[in-house]
Amino acid sequence: MIMFDRSSAGQPLSANHAGNRTKPRHDLLLAYRTLIEETPGHVLIFAIAFIASQAGLLVSLLLPWKILIILGSGRISQLLPSFLRHYERDELVALLGGAALGFFLFHLGMETLIRRIYRSGADHICRQHRKVGLFDRHHDHAVRYYRYLLHLLGLILCIVLVIIWLAHTYPLLLLALLTFCGAGSIAVRYGASSELGSQRSLSPEIASKLWSGGAFLYVISWVAIDLWRGTVPHLTIIFISVLLARQALIFCAVAYRLLDTLTSQSERLRVLFDSEAPWYPKVKSADGFHALLINVEIRRWLAPLSKQYDPAFPAAVNPEFRAVENGKLIYATVRSAPEGEQRPFLVKLFHHSLQSLAEHERELLAVSADHWPAPPFLGMHDVDRHRATMFRLEQDFRWLEPKEKAAILPTLRQQLLACDLPADLIERYDRGSPRLAERLAIIDWRYLRLFITEGEASRSIDKIHEYWPSILDGVDRLPRQLVLPGLEKRLVGVAQESPVICNWARWRWEPVGAGWPQGRNSEQRIKAALSFAGEIRPEIRAIAPERACYAALLYELERFYAVRDGSGAQSLIPHIANGAEHFCNKASRCLNTVDVSNAASDDSNVVIFPVEQWNVPSRSQH
């Protein structure tokens, strides 16, 4: 349990901690200096290999186009080297086809070499710095950032070469390229800095299509204007120049994304590529979530919500906060200040990452009845990007202490057993969540056999296999009940001497008996609960306590298997095997005894316990 101190919220970093931060661009330049100083050979070989790889890819794309021209026109282009013009058409086509394949394989070879350079260069820098105590998988991050840095450098080199080519062969196309890049840079900067742009920004997919497709059409339009003027160069030069210009624009987009990624990770970049820079673990940001708990923010959103349901509620609120789910779910008990006759509110503030959790809980509490141990549900509201659910509490509401909560757990389970759901909610739940029988059907018994030895335990699995289809059919036919996994860990209060469960998240609709702990007097407790709940739900009145106990075992078996707790599941197998025949035959008492011979060293140490003395592992033990 976490209690928040709102007086310290939003305070800046200490001077020493903040003073160690540098600007992202400075960290980027520092990383490049490290690359050049400590791995100059890697940088040089990469630059040559990257340019060669892109050149090989370009030629492998151009040669098939040449082949199509030769096959379509029947003429050999005068732009081909003189030694190729002496070949016949068929021979030239075969030669160019083989050359295209060869250049493509050359491109793949250079890419393979480049990948090895990434790993080798990052390994060398990590060995040189020999840092310890960094963040998890820091070596993998070093390889990734090394790749980003070199790839960005390679893209810049290729863009420069394209500019040189266009300046020499087609200056007008270079002007088109520069004007489009300039206009695109201004649009990106304006969209990122303006409030209007941040609210109506395009999706990355649309922006990418606009950049690549719009750039190609823009470049082609300049070529068309030049053609209309009658000043265009040879068609092959136009084709190569347009292809290079489009590739340069794509390189600009990729370079922009790489630069954005590197600057956003500048702190890790500095730690990995500066031998003297220490690692400061970064406090995870909650997207302004906890800032909503500051006094000024509370008055902005909490007071209006309270007045929406009680106009007489004072504007000044004095909430008490409790946090669960790693601080992403806040419970705020809101009482009037000064305390008067107004009943308090319970506000549950869900971080936006828990939206599905909030929706799941709302679906249940929206149909809650008066006899449920739940606070009256008022509604759900949006608070910035997050969700808040409102409940009304009694004036004497207070949170239970752990010892008090442990004492009333049997009462809470009885009340949950009496909770019924409407058919519509059950139908929608079954469409989204598999039933217990369906989850049991996919258990891999070969995995569970790894945790048992030959002998009695192995024979228990064989017996379970014999009755398994009937067991699944029997448990699927049982009426179902509301289950709150980990009930003992949930926030529970008390009002007017009645317990109030305030956390209904992750609720489940399972066969009767599911979720009940198996131990001393468990059968008597389930019998009393069935008698109590049968007054409200007649369909469970005729359920034998032994069958509910058996369903509890099957529920625990599936729970242990779901978390791959083979030892916990193995401890249940003898009990499930002993009761299989009785459960399938619907006997009045399905589990008279429990054979615990699997815990003994030999057959002579077999001990028989009555069902009331079962000692099945509980959630707290596993």
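Scroll up for the structure.
Overview of the structure. (Residues numbered from 1 in each chain as written. Predicted model: local features only at pLDDT ≥ 70, side-chain atom pairs only at ≥ 80, totals over all residues. Heavy atoms only, no water.)

Comments concerning the overall build of the protein chain
When you go through the protein chain residue by residue, the secondary structure sums to 21 helices and 12 strands. By residue count, 44% of the 622 residues in the protein chain fall in the buried class. The contacts in the protein chain between residues at least 6 apart in sequence include a share of 72% that link residues at least 24 apart. In the structure as shown, the protein chain presents an accessible area of about 33,000 Å², 57% of it carried by carbon and sulfur atoms. (Helix = DSSP H or I, 4+ residues; strand = E, 2+ residues; numbered from the N terminus. Buried < 20%, exposed > 50% of the residue type's maximum accessible area, 1.4 Å probe, protein only. Contact = heavy atoms within 4.5 Å. Areas by Shrake-Rupley, 256 points an atom, 1.4 Å probe, with all protein chains shown as cover.)

Let's talk about the nonpolar core
Grouped together as the largest cluster of nonpolar side chains are 45 residues, with contacts concentrated most on Leu440, Trp445, Leu448, Trp468, Val475 and Leu557. Mapped by element, the contributors of at least two residues to this core are helix H16 (436-441), helix H17 (445-449), helix H18 (456-477), helix H19 (522-534), helix H20 (545-562) and helix H21 (566-584). The dominant element in this core, judged by the number of residues it contributes, is H20, at 10 residues. For Leu448, the contacting residues outside a window of four places in its chain are Ile443, Leu557, Tyr561, Ala569 and Ile573. One finds Leu393, Leu409, Leu412 and Trp504 within the second-largest nonpolar core, a separate group that totals 39 residues. (Core = buried A, V, L, I, M, F, W, Y, C linked by side-chain atoms within 4.5 Å.)

As for helix H12 (residues 355-365)
Within H12, burial applies to Leu357, Ala358, Glu361, Leu364 and Leu365. Projection of H12 onto a plane perpendicular to its axis shows the buried side chains occupying an angular sector of 125°, all on one side. Contacts made by the buried residues of H12 are with strand S3 (345-350), strand S4 (377-383), strand S5 (386-392), helix H15 (423-432) and strand S7 (480-483). (Arc of directions from axis to C-beta.)

Overview of the pattern of salt bridges
What the rule picks out here adds up to 28 salt bridges. One salt bridge in this structure joins Glu394 and Arg343, with 3.5 Å as the shortest N-O distance. Of this pair, Glu394 sits in the loop between S5 and strand S6 (398-399) while Arg343 sits in the loop between strand S2 (329-336) and S3, and the two are 51 residues apart along the sequence. Of the charged contacts in the structure, one is a salt bridge between Asp444 and Arg446, with a shortest N-O distance of 3.1 Å. The partly exposed category is assigned to Asp444, whose relative accessible area is 26%. Counted as one network, the salt bridges with shared partners bring together Glu359, Arg362, Asp382 and Arg387. (Salt bridge = Lys/Arg side-chain N within 4 Å of Asp/Glu carboxyl O.)

Description of the pairing of S3
With respect to burial, S3 is a largely interior element, six of its six residues being buried. Judged by which residues are buried, S3 turns out to be covered on both faces: Phe345, Val347 and Leu349 on one side and Leu346, Lys348 and Phe350 on the other are all buried. Pairing of S2 with S3, which is carried by six bridges, proceeds in the antiparallel orientation. Bridging across to S3, Ile330 finds its partner in Leu349. Relative to S5, S3 is paired through six bridges, and the arrangement is antiparallel. When the sheet's bridge partners are listed, Val347 is paired in S5 with Met390. (Pairing = 2+ DSSP bridges.)

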